[in-house]
Amino acid sequence: MRTYTIALSIVAHVIAACAMIIVPLVATDELPAPRTATEFIHVVASLEPPTPPPRASTKPAVEPPRTDAAPLAVPDGIQPEPLIEPSNDTAPVESGVVGFRNSDSVIADRVPPPPPPPSPVRVGGNISPPRRVIDVAPVYPPIARAERVEGVVILEAVIGEDGGVRDVRVLRSIPLLDAAAVEAVRQWGFTPTLLNGEPVPVVMTITIAFRLN
């Protein structure tokens with residue numbers, strides 16, 4: 001009994017396999033056409049000639065008449081201006097420019113330059129030394145203190161009309177002490193020196209002594 005069952009099962013499988021192979025071969029339906037991904041664009045050339053561009057006008061442009069132009073003819077009622085001739089009375093001025101004099105007026109003249117500043121006068125005789133009103137002590141340079149350098153520095157200072165120190169120069173030098181002496185004297189202030197009632201700059205000698213304790 002079991003042998004018949006196995007044989008029947010094998011026959012059934014063989015029949016099913018043959019049916020799967022034979023049925024597609026005998027089918028007569030038309031297969032669908034495959035889709036294409038290519039598109040064609042047809043370009044048709046025109047047989048009409050191209051339109052020529054418009055021609056530029058060869059006629060000259062006509063400008064509107066100007067209202068601010070000078071007239072070509074003198075209008076009626078306008079008299080010509082009289083000519084003014086320069087006077088023959090000329091006189092040279094100090095600057096070398098020739099000025100034409102019309103009546104009592106002078107066309108060109110020279111402006112006198114400002115007077116030069118007064119020269120410094122040296123203190124002595126009738127010139128008393130100015131009184132110092134601002135005193136700044138010189139600072140002993142550390143390098144000079146470390147080297148045990150001391151001595152006297154002699155300066156010549158120009159005191160301006162307002163009493164301020166205008167210029168300082170060294171007459172007797174100690175290289176390690178000169179800068180400290182000049183820096184201190186530049187900050188000094190004095191009373192103005194008067195000569196004939198007018199303030200004048202003066203030149204005076206200043207001595208700075210540097211001493212170590």
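In what follows, the accompanying structure is described. Just so it is clear, the structure is predicted and the values come from calculations on it, not from any experiment.

What counts and what doesn't
- Residues numbered from 1 in each chain as written.
- Predicted model: local features only at pLDDT ≥ 70, side-chain atom pairs only at ≥ 80, totals over all residues.
- Heavy atoms only, no water.
- Buried < 20%, exposed > 50% of the residue type's maximum accessible area, 1.4 Å probe, protein only.
- Helix = DSSP H or I, 4+ residues; strand = E, 2+ residues; numbered from the N terminus.
- Contact = heavy atoms within 4.5 Å.
- Polar contact = N/O pair within 3.5 Å; in protein donor to acceptor, adjacent residues only side chain to side chain.
- Salt bridge = Lys/Arg side-chain N within 4 Å of Asp/Glu carboxyl O.
- Patch = residues over 30% accessible without salt bridge, like charges linked within 9 Å, V, L, I, M, F, W, Y side chains within 5 Å.
- Areas by Shrake-Rupley, 256 points an atom, 1.4 Å probe, with all protein chains shown as cover.
- Pairing = 2+ DSSP bridges.

## Some details on helix 3 (residues 178-185)
Line of reasoning, step 1. Of all the 8 residues making up helix 3, 6 are buried; the element is thus mostly covered by neighbouring parts of the structure.
Line of reasoning, step 2. Among the structural elements, strand 6 (151-159), strand 7 (165-172) and strand 11 (202-210) are those in contact with the buried residues of helix 3.

## With respect to the environment of R145
Line of reasoning, step 1. Within the fold, R145 resides in helix 2 (residues 142-146).
Line of reasoning, step 2. Sequence separation of R145 and L212 is 67 residues, and the distance between their C-alpha atoms is 7.5 Å.
Line of reasoning, step 3. Residues contacting R145, with those up to four places away along its chain left out, are Y140 and L212.

## A few points about the environment of Q187
Line of reasoning, step 1. Secondary-structure assignment places Q187 in the loop between helix 3 and strand 8 (189-190).
Line of reasoning, step 2. According to the relative accessible area criterion, Q187 is partly exposed, its value standing at 40%.
Line of reasoning, step 3. Note: C-alpha distance between Q187 and A137 (50 residues apart in sequence) is 9.5 Å.
Line of reasoning, step 4. Dropping the residues within four chain positions of it, Q187 is found in contact with I134 and V136.

## As for the side chain of E156
Line of reasoning, step 1. On the secondary structure map, E156 appears in strand 6.
Line of reasoning, step 2. For E156, the side chain forms a polar contact with the side chain of R122, separated by 2.9 Å.
Line of reasoning, step 3. Among the polar contacts made by the side chain of E156, one reaches the side chain of R169 at a distance of 2.7 Å.
Line of reasoning, step 4. Dropping the residues within four chain positions of it, E156 is found in contact with R122, D167, V168, R169, L171, V203 and M204.

## Focus on the pattern of salt bridges
Line of reasoning, step 1. Scanning the model with the defined rule gives 4 salt bridges in all.
Line of reasoning, step 2. Between R132 and D135 there is a salt bridge whose closest N-O contact spans 3.9 Å.
Line of reasoning, step 3. The exposure class of R132 is partly exposed, given its relative accessible area of 40%.
Line of reasoning, step 4. A residue is classified by how much of its surface remains accessible, and D135, at 53% relative accessible area, is exposed.
Line of reasoning, step 5. R166 is paired through a salt bridge with E161; the nearest N and O atoms lie 3.7 Å apart.

## Concerning a nonpolar patch on the surface
Line of reasoning, step 1. There is a patch of nonpolar side chains on the surface, built from I6, I10 and V14 and spanning about 280 Å² of accessible area.
Line of reasoning, step 2. Tracing the chain through its elements places I10 in helix 1 (residues 2-26).
Line of reasoning, step 3. The exposure class assigned to I10 is exposed, which follows from its relative accessible area of 52%.

## Some thoughts on unusual backbone geometry
Line of reasoning, step 1. Unlike most non-glycine residues, R148 shows phi in positive territory, near 60°.
Line of reasoning, step 2. Its place among the elements puts R148 in the loop between helix 2 and strand 6.
Line of reasoning, step 3. Backbone geometry at N196 places phi at a positive 55°, although glycine is not the residue there.
Line of reasoning, step 4. Relative to the elements of secondary structure, N196 occurs in the loop between strand 9 (193-195) and strand 10 (198-200).
Line of reasoning, step 5. A relative accessible area of 76% places N196 in the exposed class.

## Let's talk about the sheet that holds strand 4 (residues 121-122)
Hydrogen bonds between backbone groups are what pair the strands of a sheet, and the pairing can be parallel or antiparallel.
Line of reasoning, step 1. One open sheet holds the 4 strands; their spatial order is 4-11-6-7, and the pairing between them is mixed. The open sheet has two free edges, formed respectively by strand 4 and strand 7, since each of these has just one partner strand.
Line of reasoning, step 2. Inspection of the sheet shows strand 6 paired to strand 7 by 6 bridges, in the antiparallel sense. Following the sheet pairing, I154 is matched in strand 7 by R172.

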